[in-house]
Amino acid sequence: CHAGGAGGWSPVDTDHYQWLQVDLGTRKQVTSIATQGRYSSSDWTMQYRLLYSDTGRNWRPYLQDGNIWAFSGNSNSESVVRHDLQHAIITRYVRIIPLEWSEEGRIGLRVEVYGCSYWADVINFEGQGVISYRFKMKKMKILKDVISLKFKTTASNGVLLHGEGQQGDYISLELKISKLLLMINLGSNQYGSILGHTSVTSGSLLDDDHWHSVIIERYRRNVNFTLDHHTQHFRTNGEFDHLDLDYEISFGGMPVSAKPSSGGRENFVGCMEGITYNGDNITNLVKRKKIDTSSFRNLTFSCSETHSFPVFFNATSFLRLPGLQDSDTLSVSLSFRTWNPSGLLFYTALADGVVEVGLTEGKVTVYINVAQKKNTRIDISSGTGLNDGQWHNVYLHALENYAMLTIDGDEASTVRTVIPIQIRTGGQYYFGGIYRDGYFLRTNTPPAQRSFQGCMQLIHVDDQLADLVAVEHGNMGTFENVSLDMCAIIDRCVSNHCEHGGRCTQTWDSFRCSCNGTGYTGATCHTSVYEQSCEEYKHLGKTSGTYWIDPDGSGPVGPFKVNCNMTEDKVWTTVRNNLSPQTSVSGSDLEGKALLQLNYNMSTEQVTAITSSAEYCEQHVAYACRMSRLLNNPAGSPFTWWVGRANERHYYWGGSGPGIQKCACGIERNCTDPKYYCNCDADQTEDAGLLVYKDHLPVSQVVVGDTNRAGSEAKLTVGPLRCQGDGEFFFLLPVCFPGNYWNAASFNTPASYLHFPTFQGETSADISFYFKTSSSYGVFLENLGNADFIRLELKAATVVSFSFDVGNGLVELSVRSSTPLNDDQWHRVVAERNVKEAVLQLDGQYKEVRPAPPQGHTRLELYSQLYVGASGGQRGFLGCIRALKMNGVTLDLEERAKVTPGVKPGCSGHCTSYGQHCRNGGQCMEKYNGYSCDCTLTAYDGPFCTEGKIQSQACERMVTLNVSSLSPLLPTEGNLTQEELVFSFSTSNAPSILVYISSRTQDYLAVVLRHNGTLQIRYSLGGLREPFTIDLDQRNMANGQPHHINISRQERNIRLQVIIMRMLLYLSMEHFSAIDPVLIEKYNTPGFVGCLSRVQFNDIAPLKAALRSGIVAPVTTRGILVESNCGASPLTISPMAAERVSRNGVDRNAAIIGGIIAVVIFTILCTLVFLIRHMFRHKGSYHTNEAKGAESADCADAAIIVNDPAFTETIDESKKEWFI
């Protein structure tokens, strides 16, 4: 019944229990299979499964993409459908199981199997014999290894190979709990700080009695470890490249020469074939008796057959077996393996009751119910975590007044109980499920737990092994949806699709990833929860501080903590080490050297991610010395060196560069002794400077010599690693191009596009970018394969779509925005696709999630270039795309756009989307690759104009600002008809002057705290005999709490706003004439101790000018000003937000706010407003606290001091100045 021939196979019964088996005569390597329907008929097979076996027993299903694969068959009787197997299989027997067939006829099949011959020497290991391959030389120093073998076994533990050397090197491969463990040690470094031991685990369920292939390839420290076509690439720990082995390498167990510490490990039991070691065919040498095999009791070159007969259950399966009827003893045992925590193992009806044995949350539970006189129920349980996929044995023995449950033959697990009942067996036993009269019976197990999914074998009923071959032939028992002589259990956590250390757990049908503590999220822990750089945190509006960053996003480098300094235009990323400043260096090893090891609390790969992507890095080093030479140049070899990123020694010091054995003074030619290139080489004080060659940074070790002389002393300082620039990198091109948060391109025509190498995202892919456009459609990006593809596009003005095909048909996700997306504003798109699900998210709020199908293809296979902007006749995107990342790597759009017609590098208009980040009146300024906030005309500083806190810590502190040279900020006529003064303060000391503004005339404005801590505001304007005074007597404001003051005047209207510990006071009043702000008098104050911040008079910010050296302003200070994060909290209510009140108006806003806060506050405010208005309505009769002696003051400035005896001051007339 081969394809193309006449006739064909068509069974009498058309159901799911039919199969066609092909015997290839000997083991062959099968690569393809082709099918046809039965010749000239309506019979064909539409879908089938493929099983294979070496012996015609213990069948194995063909797996693909982690599932039992279902091949598509024929749709008629004549066409041939051929499938090339993803991985070739080695087998003698092939069995085809029809799953679906012609609706017009019956099952029909013609088949051809394609492949080639296969032969290999086989050795059977019974657990005693070990093959020891002796080397030609006593000691072997091996740089390169290639080891391969195939094995099959039913044992879960056993050593496959082992070799070791006297110096501590070793290589070992062993089965451990049915997984393969490879251990390699090439040696440790000389200081013992890095250990060479490396271990890697692969595979699962390897005790299935099927052949498994292993290949180990090592070159120096790079290792490829392949198990059944799955390869792991890793690099061994330590710093050595050679594997030093002595005498021999053994296969099947530990060699006789092994160290005692290597003992206690089981020998291998099973079969091996095709054993090769560095080109030598070990199995062939054994067969030719070229290797000693005396340890074998009975050496055979064929595999012994196992006697197990597994049974595979799915969710709708059951197996019924007969037993003794009306017996007073119940005895059942079986072995099972499963991933499900719950399920029914077996059930039997007694003459007067039932017995159920099942899994409940990973432990075996027994439920016995007998209704003789009264209902009697017995519950016992044992074991834990038995749903781990391993074989476990259950034995239940029950008779009158006694029951015993044992797990895995362990006496410690045995549970014995007294049962006051009589056992009378019913004679029928159901395994995996209960099915009678066409339906599943209800049991006492919860409905979701009634069906068992997994494998059973070695089933004993009444202490007799069940003859499952007879069951298969229909001679005893019965079954439904059971696969006999096969265990098709699949470990869905191998290969582990949970990335970044996510913990994989599984049931029979699916797996789940737990991402807790990994720093990643998503169905497969693929997406980082952190930003990629300090630069990205800055543009999210964050301020300086400590943050977690993940430089490669979803890449292999894990997140880590850094310090981000965002006070400058470019952001500094700082990584600190554990070396204290001025660390004394003492002690030495046998070579007279002292080693100082630096730890940065992160891996080498994480530090490299920072330095590699930064534009500039630096690290300060200092060597303070007394009779302790440093580089010893030009006299000879250096006494001290440092080790950098590539574990290489460097013989230059801070301030110098690679290849120059000098210190900073040697480069600048200013060493204390010109005969030397370092001060310490002349036994002087110190050599210090910056290391700036970033490919060598950071400093990981410093080796110090010349500290053993009498009187020698050395102190070492290694500062933090500081890097500047964006934390992203573009790796998809052959050369690395630094990218950044603003890497963008503008697409000007519908046919314009950028192309990049093929996107590699077979099992997991993430794509994110920003876009802005005025168009309502266009393709963002596309990558094609033969049939597979991936595409992101703007399908309508409010719709973004993500579509792909991995071989299972088109999948399309769409999200719809509630507002148009063609508004020329930035919008963010995030798409992810993995083996579990696909996700599309727009602007962080619109989201669609689509689960992946449980069966089918999972790999996205792409071959064309990646096109960004347009492709294949699709409508191209018009607009800007920015920060395009694929699998965590930024594509350098700008670099490609420079050489691509129709595309321009960069985008404009960033302020339209991000201008709101500029706070407190800061102006957003467009830049080629982003935006910045101009804080010049504000009292604030920092990247977003939010920093403005200054602290003065002692008396006699003063800032004097001469504003005569700032005339562009003042009216040309020299008179002000309106002004605004805003500042915040906190203090615990009174009395003091907070702000004093005066001119060359006798006009001034002063804000003071009186001796009792209450606030007083004084206006002295031309034409007034006495200053106008406002007193806030109801609260002590020298209480250490932050307060905010806003004083504004427009012609005759004065407005005062006071924010006291989040309470607002609004006062509105009138005055009579303008002030002359031309010059201010300079004088000494009693002093202010506390915090002043955000001081601004109109457009002048005196504190900012005093503390920022880059601001050119005529500022003088007396005392010391300290920048500090003290006191004042951010202003959340605009000082000018309240409506200004005319002279005859009523401050209605103040009344409303006061009423909301409290009735008492409302009453106080109304009273204050009334008193002030009453004061102004009586000519010359307003209230003042001026003393009579004020009239005799030398000038208006001095009147403040005359008023209060706590103040003493002297006044010198000068230009207009500020006093704080």
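Rules used in this analysis
- Residues numbered from 1 in each chain as written.
- Predicted model: local features only at pLDDT ≥ 70, side-chain atom pairs only at ≥ 80, totals over all residues.
- Heavy atoms only, no water.
- Helix = DSSP H or I, 4+ residues; strand = E, 2+ residues; numbered from the N terminus.
- Buried < 20%, exposed > 50% of the residue type's maximum accessible area, 1.4 Å probe, protein only.
- Contact = heavy atoms within 4.5 Å.
- Pairing = 2+ DSSP bridges.
- Axes fitted to C-alpha atoms, helices over the stretch in contact; angles between N-to-C directions.
- UniProt positions renumbered as here; feature names shortened; annotations may be inferred.
- Salt bridge = Lys/Arg side-chain N within 4 Å of Asp/Glu carboxyl O.
- Disulfide = S-S within 2.5 Å.
- Core = buried A, V, L, I, M, F, W, Y, C linked by side-chain atoms within 4.5 Å.
- Phe/Tyr/Trp six-rings, centres within 6.5 Å; stacked < 30°, edge-to-face > 60°.
- pLDDT = per-residue confidence, 0-100.

Bringing the overall build of the chain into the picture now. A count of helices and strands for the chain gives 11 helices and 85 strands. Counting all 1220 residues of the chain, 53% fall into the buried class. Taking all contacts inside the chain whose residues are at least 6 apart in sequence as the whole, residues at least 24 apart take part in 69%.

With that settled, consider the sheet that holds strand β45 (residues 594-597). Strand pairing within a sheet occurs via backbone hydrogen bonds; the two strands may be parallel or antiparallel. In space, the 4 strands of this open sheet follow the order β45-β50-β47-β48, with antiparallel pairing throughout. A single partner strand is all that each edge strand has here, and the edge strands are β45 and β48 (649-650). In the sheet, strand β47 (residues 641-643) pairs with strand β50 (residues 701-704) via 3 bridges, with the strands oriented antiparallel. Note that in β50 the partner of V643 across the bridge is Q701.

A few words now on the pairing of strand β14 (residues 179-185). Regular strands place side chains that alternate from one sheet face to the opposite one. In terms of residue burial, β14 counts as a mostly covered element, since 6 of its 7 residues are buried. Pairing of strand β13 (residues 170-176) with β14, which is carried by 7 bridges, proceeds in the antiparallel orientation. Residue K176 lies in a different strand from β14, and its bridge partner there is K179. Linkage of β13 to β14, two consecutive antiparallel strands, is achieved through a turn of 2 residues, within which I177 is found at a positive phi near 55°. Inspection of the sheet shows β14 paired to strand β15 (residues 197-202) by 6 bridges, in the antiparallel sense. Of the residues in β15, the one forming a bridge with M183 is S199.

The next point concerns the sheet that holds strand β64 (residues 866-868). With antiparallel pairing, the 6 strands of this open sheet are ordered in space as β55-β64-β57-β58-β59-β60. Two strands bound the open sheet, and with one partner strand each, they are β55 (754-756) and β60 (811-816). Pairs of neighbouring strands in the sheet enclose a mean axial angle of 15°, with direction left out of account. The pairing of β55 with β64 spans 3 bridges and is classified as antiparallel. Across the sheet, the residue bridging to L754 is V868, located in β64.

Attention now goes to the UniProt feature "domain: EGF-like" (unreviewed entry) in the chain. Cross-referencing UniProt, the feature "domain: EGF-like" (unreviewed entry) maps to residues 489-526 and 908-946 in the present numbering. Here residues 489-526 is 0% helix and 26% strand, with 27 Å between the C-alpha atoms at its ends.

It is worth spelling out the pattern of salt bridges at this point. With the rule as written, the count across this model stands at 31 salt bridges. Its salt-bridge partner being D65, residue R859 comes within 4.0 Å of it at the nearest N-O pair. Here D65 lies in the loop between β4 (63-64) and β5 (67-68) and R859 lies in the loop between β63 (846-851) and β64, a separation of 794 residues in the sequence. Classification of D65 as buried rests on a relative accessible area of 16%. In this structure, E411 engages R416 in a salt bridge whose closest nitrogen and oxygen atoms are separated by 3.4 Å. On the accessibility criterion, E411 (56% relative accessible area) is exposed. By sharing partners, the salt bridges in this structure join R27, D54 and E273 into a single network.

One pass over the structure, following the stated rule, counts 13 disulfides. Here C625 engages in a disulfide with C680; their sulfurs sit 2.0 Å apart. Since a negative S-S torsion denotes a left-handed disulfide, the C625-C680 link at about -100° is left-handed. With C625 in strand β46 (residues 616-626) and C680 in the loop between α5 (664-668) and β49 (686-691), this pair connects stretches of sequence that are 55 residues apart. Of the two residues, C625 and C680, neither departs from the other in class, the shared state being buried.

The subject of this paragraph is the environment of N679. Residue position: N679 is located in the loop between α5 and β49. Separated by 56 residues in sequence, N679 and Y623 place their C-alpha atoms 9.7 Å apart.

Take N632: it is sitting in the loop between β46 and β47. The class of N632 is buried, set by a relative accessible area of 12%. For N632, the residues in contact, after removing those within four places along its chain, are S637, P638, F639, Q661 and D681.

This part covers the pairing of strand β1 (residues 20-36). In this structure, β1 lies alongside strand β7 (residues 81-101), joined through 11 bridges in antiparallel fashion. The residue of β7 that forms the bridge with L20 is I96. Pairing analysis gives 8 bridges linking β1 to strand β8 (residues 110-117), with the strands arranged antiparallel. Considered in β8, the bridge of A34 is made with E112.

Following L697, the chain continues into P698 via a peptide bond in cis, with omega recorded as 5°. In this fold, P698 is placed in the loop between β49 and β50. The omega torsion of the bond from A990 to P991 falls at 5°, within 30 degrees of zero and hence cis. Structurally, the position occupied by P991 is in the loop between β72 (978-987) and β73 (992-998). Of note in this structure, D462 is not a glycine but carries a positive phi near 55°. Relative to the helices and strands, D462 is located in the loop between β34 (454-461) and β35 (464-465). Here D462 falls in the buried class, since its relative accessible area comes to 15%. Within the chain, D843 stands out as a residue other than glycine whose phi angle is a positive 55°. Within the secondary structure, D843 is located in the loop between β62 (837-842) and β63. Looking at D843, the relative accessible area reads 28%, which means it is partly exposed.

On to the environment of Q1050, then. Structurally, the position occupied by Q1050 is in strand β77 (residues 1043-1050). Separated by 73 residues in the primary sequence, Q1050 and T977 place their C-alpha atoms 6.2 Å from one another.

Counting residues in hydrophobic clusters, the biggest one holds 43 residues, and the most contacted among them are F336 and F431. Beyond its immediate stretch of four places on either side in the chain, F431 contacts F313, F318, L319, L321, V332, L334, L345, F346, M456, I459 and V461. Judged by nonpolar contacts, the second largest core, of 42 residues, contains L596, C617, C663 and L716.

Right, let's get into the side chain of N267. Along the chain, N267 turns up in the loop between β19 (243-251) and β20 (269-277). In this structure, N267 is in contact with G127, Q128, V130, N157, G158, V159, G252, G253 and M254, ignoring residues within four places of it in sequence.

A word on the packing of aromatic side chains. Aromatic rings considered in pairs are described by the distance between their centres and by the relative angle of their planes. All chains considered together, the criterion is met by 29 aromatic pairs. On the basis of an interplanar angle of 65° and a centroid distance of 5.9 Å, the ring pair of Y133 and Y277 is categorised as edge-to-face. On the criterion of sequence distance, the pair formed by Y133 in strand β10 (residues 131-142) and Y277 in strand β20 is long-range, its members being 144 residues apart. Judged by its relative accessible area of 12%, Y133 falls in the buried class. Judged by centre distance (6.4 Å) and plane angle (85°), the ring pair of F336 and F452 falls under edge-to-face.

Time to look at the confidence of the model for the chain. Residues of the chain with pLDDT of at least 70 account for 80%, and the chain-wide mean is 81. Contacts for the low-pLDDT stretch residues 727-739, under 50 throughout, to residues beyond four places or in other chains number 37 contacts. Taken together, the stretch residues 963-973 has pLDDT below 50 and engages in 11 contacts with residues farther than four places along the chain or on a different chain.

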